[in-house]
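Fold and geometry: a report
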Amino acid sequence: MADIKLAPSILSADFARLGEHVAEVTDAGADMIHVDIMDGHFVPALTWGPRTVEAIRRWTHLPLDVHMMVENPERHVDSFVDAGADIVTVHFEACVQLHWTVDRIRSRGARAGVAISPGTSVAAIDEALPWLDQVLVMSVNPGLPGQKFITSSPQKIARVRELLRQRGSEAVVEVDGGVNADTAPLVAQAGAKVVVAGSAVFDYPDGIEAAVRLLKERLGAGT
Ligand code: DX5
Ligand code: ZN
């Protein structure tokens, strides 16, 4: 369990109190802060840009895990790294020049990830695996918090893990979408090393601290 990181997604936080919520999950024992960037094109919703990343950077010492649900992300990766992102993940489906983009993120000093939506096959990213620090397996269709976990996701995580092993890659597998106390052990068991949770953290009836404690416990139960 100790090596599985919990990354609360601030998409479910109060946008008018983002700083306080970032500080609160940090104090509660989160390992990273997951920041969902949506452009109104790749997904219908709109969220934030680099200035928000820069602002929340001042509220936590934790790594900022920026998930870009954005078309042509190569246009924006520099500004997110400059704003303080530690990990920048772009979607396979949204990125025309994936090698260039990953290379750019890394050369600017951040770690690079590629996300695959539920309809994208693991084989699609085979060529890219040696360049990556992280592979993000979406366990819901990107765009909204609070959706239902797609039950075949643990098998997909396991397939990515196996492919990484075959390619001799050290990249970690992250999972995002529908993770709660029931699904956390399943993704842990499948080999996810970074686990994102939005509504299960910020909408938990007993509060953020209790939610982080419960999720970390459940991630431990799966390993
Ligand atoms: C969905 C986002 C997720 C989302 C997760 O498109 O990428 O990070 O906030 O929310 P939950 O954990 O509620 O599914
Ligand atoms: Zn996300």
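The structure this text deals with has already been given above.
Predicted, not measured: the structure shown is a model, and the values here were computed from it.

Let's shift gears to the overall build of the protein. Helices and strands together make up the secondary structure of the protein, namely eight helices and eight strands. Taking 17 Å as the expected radius of gyration for a compact globule of 223 residues, we find that the protein reaches 16 Å, a close match to that expectation. Along the longest, intermediate and shortest principal axes, the C-alpha atoms of the protein span 45 × 35 × 30 Å. The buried share of the protein, reckoned over its 223 residues, is 53%. Put simply, 65% of the contacts in the protein that link residues at least 6 apart link residues at least 24 apart. For the protein, the accessible area works out to roughly 9,700 Å², and carbon and sulfur atoms hold 48% of it. Mean positive and mean negative side-chain charge positions of the protein (20 and 29 charges, respectively) differ by 3 Å.

Mapping Glu74 onto the fold places it in the loop between strand S3 (64-69) and helix H3 (77-83). A sequence separation of 27 residues divides Glu74 from Thr101, and the C-alpha atoms of the two residues are 5.4 Å apart. Glu74 has contacts with Cys95, Trp100 and Thr101, leaving out every residue within four places of it along the chain.

It is a general feature of regular strands that their side chains alternate between the two faces of the sheet. For strand S7 (residues 172-176), the buried fraction is high: four of the five residues fall into the buried class. The pairing of strand S6 (residues 134-138) with S7 spans five bridges and is parallel. Bridged to Leu136 within S7 is Glu174. Assessed by its sense of winding, the connection that carries the chain from S6 through helix H5 (residues 153-166) to S7 is right-handed. Summarising the sheet, S7 and strand S8 (residues 194-197) pair through two bridges and their orientation is parallel. Bridging from a neighbouring strand, Glu174 pairs with Val194 of S8.

Every protein donor of the zinc ion (ligand 2) is listed here as His34 (NE2), Asp36 (OD), His67 (ND1) and Asp176 (OD), and their distances to the metal cover 2.0 to 2.3 Å. In this structure, the zinc ion (ligand 2) is surrounded by six donor atoms whose angles at the metal cover 70 to 172°, and the resulting shape is octahedral. Positions of the donor residues of the zinc ion (ligand 2), expressed as sequence spacing, correspond to H-x1-D-x30-H-x108-D. One end of the pair, Asp36, is in strand S2 (residues 33-38); the other, Asp176, is in strand S7, and 140 residues separate them in sequence. Overall, Asp36 belongs to the buried group, its relative accessible area being 4%.

We now examine the site of ligand 1. Near ligand 1 there are 20 residues, and of these Gly143, Asp176, Gly178, Gly198 and Ser199 occur at the shortest range. Within the side chain of Asp36, an N or O atom sits 2.8 Å from an oxygen atom of ligand 1. Note that an oxygen atom of ligand 1 is positioned 2.8 Å from one of the backbone N or O atoms of Gly178. Its free accessible area being 380 Å², ligand 1 has 100% of it covered by the protein chains. Where the shell around ligand 1 is concerned, the elements lending two or more residues are S2, S3 and S8. Take the shell around ligand 1: its biggest share by element is three residues, from S2. Among the residues making up the shell around ligand 1, the classes are represented as nine nonpolar, nine polar and two charged.

Criteria and cut-off values
Residues numbered from 1 in each chain as written. Chains lettered and ligands numbered in written order. Predicted model: local features only at pLDDT ≥ 70, side-chain atom pairs only at ≥ 80, totals over all residues. Heavy atoms only, no water. Helix = DSSP H or I, 4+ residues; strand = E, 2+ residues; numbered from the N terminus. Rg over C-alpha atoms; globule rule 2.2 N^0.38 Å. Buried < 20%, exposed > 50% of the residue type's maximum accessible area, 1.4 Å probe, protein only. Contact = heavy atoms within 4.5 Å. Areas by Shrake-Rupley, 256 points an atom, 1.4 Å probe, with all protein chains shown as cover. Lys, Arg positive; Asp, Glu negative; His and termini not counted. Charge placed at Lys NZ, Arg CZ, Asp CG, Glu CD. Pairing = 2+ DSSP bridges. Right-handed = clockwise from strand over helix to strand, strands pointing away. Donors = N, O, S within 2.8 Å, 3.2 Å for Na, K, Ca; no water. Tetrahedral: all angles 85-135°; square planar, octahedral: opposite > 155°, others 65-115°. Near = heavy atom within 4 Å. Polar contact = N/O pair within 3.5 Å; in protein donor to acceptor, adjacent residues only side chain to side chain. Nonpolar A, V, L, I, M, F, W, Y, C, P; charged D, E, K, R; others polar.

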